[in-house]
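# Examination of the molecular architecture
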Amino acid sequence: MFVCHPDLTTDDAIGSGRVALVFEYDGACFHGWQYQKSGIPSVEGVLSRAVAKVANHPVELVCAGRTDAGVHASYQVVHFDTRSIRNIRSWVMGINTALPSSVSVHWAGNMADEFHARFSAHHRRYRYVIYNHPVRPGILRHQVSWNYRPLDAGAMHRAAQVLVGEHDFSSFRAAGCQSRTPNRNLHHITVTRHDDFLVIDVQANAFLHHMVRNIAGALMAVGCGKRPSSWIHDILGARNRTLAGVTAPPYGLYLVDVGYPSAFGVPASEPGPGFARPWFKSETQVSEIP
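Reference entry: report on the structure contained in this document. (Residues numbered from 1 in each chain as written. Predicted model: local features only at pLDDT ≥ 70, side-chain atom pairs only at ≥ 80, totals over all residues. Heavy atoms only, no water.)

## Examining the packing of helix H3 (residues 153–160) against helix H4 (residues 211–223)
At a closest axis distance of 8 Å, the pairing of H3 and H4 adopts a crossing angle of 130°. Classed by the angle they form, the pair H3 and H4 counts as oblique. In this structure, H3 crosses over H4, and the sense of that crossing is right-handed. Counted together, Ala-155, Met-156, Ala-159 and Ala-160 of H3 and Leu-219, Met-220, Val-222 and Gly-223 of H4 form the full contact between these two elements. (Axes fitted to C-alpha atoms, helices over the stretch in contact; angles between N-to-C directions. Helix = DSSP H or I, 4+ residues; strand = E, 2+ residues; numbered from the N terminus. Parallel < 35°, antiparallel > 145°, perpendicular 65-115°, else oblique. Left-handed = near helix turned anticlockwise from the far one by under 90°. Contact = heavy atoms within 4.5 Å.)

The structure is reproduced here in structure tokens:
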């Protein structure tokens, strides 16, 4: 859950220009972010219809980053242009009334014309949550990934540090990735254990298609002892996707933060997912790796 408590009692006018929304969703209910002409449920499809209902005209949504089928977001940002004017309660509560329960808008605000949900962002942050237990989960089956083999979080963390910095991540991009360049600047990556759960926390300027899931799959191979720690360095340098192993399942992946210049006034996130947030009460705790 994104933690934000907007003042829904204010009558401040929002609209007649560019508007941004901050929201969350359970990706298990959708075939990814992008609208599907076939009618398959998508986050963009249900949100654009809900926004259009409140705005009283069709809208085109631009999101901070597209997510795949089954991938969640505890903090996602979109912008749209509108000629309509509503107060914040009308935007937030009105849109939520028209949305399925798996999507919830938490904030709406007027933005400068130059704001762009995708291109104005200077970082994205994901968390990949693994349930590490011999028996598969039931209640959290669509919220976490599952690995029955014992995983060494310390070994995974140490192996992952070679990925920090600007690199060619061709070994970790999907075959169908449409990005013009495989180069990305990875700001940090940590792997921590919290009882039966492991969390891979990774931030970069941007991500390639399947990049986080491919990194997670490779790190789990190291964590269970199938591969040595040096393997991550080797496959990064090889720049060959076929050498990097399996793509991890989507269910444990969450978009948890998108960073913008403070001048735009987008509220900061308290990275989720909600059930994992107590494990990260202090960001300094994240770096305390065994």
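Okay, back to it.
## Points about the environment of Thr-242
Along the chain, Thr-242 falls in the loop between helix H5 (230–238) and strand S10 (253–259). A relative accessible area of 68% means that Thr-242 is categorised as exposed. Placed 176 residues apart in sequence, Thr-242 and Arg-66 show a C-alpha to C-alpha distance of 24 Å. Engagement of the side chain of Thr-242 in a polar contact is seen with the side chain of Asn-240, the distance being 2.6 Å. (Buried < 20%, exposed > 50% of the residue type's maximum accessible area, 1.4 Å probe, protein only. Polar contact = N/O pair within 3.5 Å; in protein donor to acceptor, adjacent residues only side chain to side chain.)

## Considerations on the layout of surface pockets
Put simply, the largest pocket is a space of about 1400 Å³. If you trace the largest pocket, you find 40 residues lining it, with Gly-65, Arg-66, Arg-118, Phe-207 and His-209 closest to the centre. Where the lining of the largest pocket is concerned, the elements lending two or more residues are strand S2 (62–63), strand S5 (123–132) and H4. It is H4 that provides the largest number of residues to the lining of the largest pocket, a total of three residues. (1 Å grid on protein atoms, 1.4 Å probe; cavity = no way out; pocket = protein on both sides within 12 Å on 5 of 7 lines; lining within 4 Å. Points joined across faces, edges and corners; volume = space filled by probe spheres on them.)

## Brief notes about the pattern of salt bridges
Summed over the entire model, instances satisfying the criterion amount to six salt bridges. A salt bridge links Arg-18 to Asp-81, with the nearest nitrogen and oxygen atoms 2.8 Å apart. With a gap of 63 residues between them, Arg-18 in strand S1 (residues 13–25) and Asp-81 in strand S3 (residues 72–87) connect regions that are remote in the sequence. Overall, the relative accessible area of 16% leaves Arg-18 in the buried class. Look at Asp-81 and you get partly exposed, because its relative accessible area is 42%. Measuring nitrogen to oxygen at the nearest pair gives 2.7 Å for the salt bridge that ties Asp-201 to Arg-127. With Asp-201 in strand S9 (residues 197–204) and Arg-127 in strand S5, this pair connects stretches of sequence that are 74 residues apart. Of the two residues, Asp-201 and Arg-127, both sit in the buried class. One network of salt bridges, with partners in common, ties together Arg-125, Arg-127 and Asp-201. (Salt bridge = Lys/Arg side-chain N within 4 Å of Asp/Glu carboxyl O.)

## Section: unusual backbone geometry
The amide bond that connects Gly-272 to the next residue, Pro-273, takes the cis arrangement and shows omega of 0°. Inspection of the secondary structure puts Pro-273 in the loop between S10 and helix H6 (283–286). Within the chain, Arg-239 stands out as a residue other than glycine whose phi angle is a positive 55°. Note on placement: Arg-239 falls in the loop between H5 and S10.

## A look at the nonpolar core
Counting residues in each nonpolar core, the largest one holds 80 residues, and the members touching the most others are Leu-47, Ile-95 and Leu-219. Top contributing element to this core by residue count: H4, with nine residues. When residues no more than four places from it in sequence are discounted, the contact partners of Leu-47 are Phe-23, Trp-33, Leu-61, Val-78, Ile-95, Leu-99 and Val-105. Listed in part, the 10 residues of the second largest apolar core include Tyr-131, Val-199, Tyr-254 and Phe-280. (Core = buried A, V, L, I, M, F, W, Y, C linked by side-chain atoms within 4.5 Å.)

## Describing H5
Taken as a whole, H5 has its buried residues at Trp-231, Ile-232, Ile-235 and Leu-236. The arc that holds the buried residues of H5, viewed along the axis, is 135°, so those residues lie on one side. Residues of H5 that are buried make contact with H3, strand S7 (165–168) and H4. Immediately downstream of H5, the backbone of Arg-239 shows phi near 55°, a positive value. (Arc of directions from axis to C-beta.)

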